[in-house]
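Chains, contacts and geometry: an overview
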Amino acid sequence: MRTRTRIGSKPPVRRPTTKKPVRKAAKAPAAKRVAKPSPKSTVTRVATARPITKSWGEAGKALDGVRILDFTHVQSGPTCTQLLAWMGADVIKVERPGIGDITRGQLRDVPNADSLYFTMLNHNKRSITLDTKHAKGREILEALVKVCDVLVENFAPGVLDRMGLTFERIHQLNPRMVVASVKGFGPGPYEDCKVYENVAQCAGGAASTTGFDDGPPLVTGAQIGDSGTGLHLALGIVCALYQRHRTGRGQKVLAAMQDGVLNLCRVKLRDQQRLAAGALKEYPQYPHGKFGAAVPRSGNASGGGQPGWILKCKGWETDPNAYIYFITQAPVWGEICKVIGKEEWITHPDYATPEARLPRLKHIFDTVEQWTMTKDKFEAMDILNKYDIPCGPILSMEELASEPSLRASGTVVEVDHPTRGKYLSVGNPIKMSDSLSEVKRSPLLGEHTEEILQKVLGFSAKQIAELRSSGAIGGIDVKRPKEAAA
């Protein structure tokens, strides 16, 4: 099943222009023509194609023509390669015969079917099974390196080198290949350590700044270590491909999970430096609590300059998500006071300015909460939005899964799978007007082995049969379901 997302967008109106005659310079002999950079600029521009005449969304996808050799597994790497596949890249996922990505069997909810853990991270990819320890398997691997643009891996440190695929060997086979890696840590004392999601959150500064001041560090429900780093790596890959147009060569791209988490926690590094100037007045510890040498946990306080907090709404006694996030934005302070029935606060010296309100934030939010508790979270949001007061309901996964607007935009999609049936997944979060996303189901283990050997590497049916009998690609021929060939 394919789910397509479109953005309503019209091409710009082209107005006729009057072209001035241009005198053509005499052409120099081809062998002597050398592009000279402008003395005023060191920037080398990439040649641009002429505007295409096809309708918007009918000119292919952004990464059409890019082929990726995918050695990733679990979450961080697959997040990266799935995003690139959604953008049109041909992602060839290399898996061990008979085993495959370990997540195929992790957290399995349907017997004898790939788990949601696997299916939701491997859409739009092709799967080839390959024994890279087998001599013929290594030959196939090197053949794939020669015809792919990018190799992506998130092995433990040193694994790729032990497979014989050092960066030097890869570039000997294919000087244009981009070699992209997710690792737990960058160069330093911990670079050889194995890292998973929550370890990355702890090592990157997220856990120490998440939670309440009187409680332990907490990890967040968002997968900022794995998926967050995968998204960083995808950007690095696209940049490397763009640079290759200019240099003609590939390069190494590294995204360390600690680095990625710290990048997402940059406001906390900002606050660490602000501590030298005194108390962080927007934090709930101010004015009665204490500040130590490190940025404290700040509960639900806003990370920006506009104070915010999570407040109870009607039904909170029985509904664990009957809450709303409320921000006391300075420009709409007067409207806030009117809505909650505290108009006297508009001019009162204890509340009239943001600075005056900072030591009284707890009392202010307690007062606002008395109002929100009389409304359900959606009623409160409707009222507050009329006055441009920033707020947002706490939405459960159940609510998000059934939200019509997310279905309509393709952010939540229903996918049909031949062995597990229909399931919900997150679609491409990036919407492009001329590169439309479609979510295709994840591949069965080794489903495209013969297809890749034939159409990408040019192997004959006889050669493939010999490879199968040798064990280099696994001994079982996976038959593609009828819907997959459509």
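This write-up is about the structure you can find in this document. Note that the structure is a prediction, hence the values are computed from the model and not measured. Along every chain, residues carry numbers that run from 1 in the direction the sequence is written. Reporting in this predicted model follows two pLDDT cut-offs: at least 70 for local features of residues, and 80 or more for side-chain atom pairs to be given and counted; totals over whole chains, interfaces and linings ignore these cut-offs and use all residues. To obtain the side-chain values, all non-hydrogen atoms of the structure were included, while hydrogens and water were left out.

1. Some remarks on the packing of aromatic side chains
Heads up, the rule is: Two rings from Phe, Tyr or Trp (for Trp, the six-membered ring) form a pair when their centres sit within 6.5 Å of each other. Planes less than 30 degrees apart are called stacked, planes more than 60 degrees apart edge-to-face, and all others tilted. Starting at the N terminus, helices and strands are each numbered in turn, a helix being any DSSP run of H or I of at least four residues and a strand any DSSP run of E of at least two. Residue burial is assigned from relative accessible area. The probe radius is 1.4 Å, only protein chains are included, and a residue is buried under 20% of its type maximum, exposed over 50%, and partly exposed in between. Consider the ring centre and the ring normal. A charge sits over the ring if Lys NZ or Arg CZ is within 6 Å of that centre and within 35 degrees of that normal.
In the structure shown here, the tally under the stated rule is six aromatic pairs. Ring plane angle 5 degrees and centroid distance 6.2 Å describe the contact between Trp333 and Trp345, whose orientation is recorded as stacked. Highlighted residues: Trp333 in helix 10 (residues 333–339) and Trp345 in the loop between helix 10 and helix 11 (354–357), separated in sequence by 12 residues. For Trp345, a relative accessible area of 5% corresponds to the buried category. When the ring of Trp345 is compared with that of Tyr351, the centres are 4.3 Å apart and the planes differ by 10 degrees; the resulting orientation is stacked. Residues Trp345 and Tyr351 agree in their burial class; the two are buried. Aromatic rings pair up to connect Trp333, Trp345 and Tyr351 into one cluster. Sitting over the ring of Trp333, Arg357 keeps its end group 4.1 Å from the ring centre.

2. What about the sheet that holds strand 2 (residues 67–71)?
Spelled out, the test is: The criterion for strand pairing is that DSSP finds at least two bridges linking the strands in question. In this description, a line fitted to the C-alpha atoms serves as the axis of each element, helices being fitted only across the stretch in contact, and the angle between N-to-C directions of two axes falls anywhere from 0 to 180 degrees.
On the basis of which strands lie adjacent, the open sheet formed by six strands has the order 4-3-2-5-6-7 and parallel pairing. Two strands close off the open sheet at either side, each with one partner strand: strand 4 (125–129) and strand 7 (252–256). Taking each pair of neighbouring strands and ignoring which way they run, the sheet shows an average axis angle of 20 degrees. For strand 6 (residues 178–183) and strand 7, the ladder comprises five bridges, and the chain directions are parallel.

3. Observations regarding the environment of Ile473
This is how the line gets drawn: We call two residues in contact when some of their heavy atoms are within 4.5 Å.
Here Ile473 is to be found in the loop between helix 17 (461–470) and helix 18 (482–485). In this structure the C-alpha to C-alpha distance between Ile473 and Gly137, which are 336 residues apart in sequence, comes to 6.8 Å. Residues within four places of Ile473 in sequence aside, it is in contact with Pro97, Thr129, Leu130, Ile140, Thr449, Leu453, Ile464, Leu467 and Arg468.

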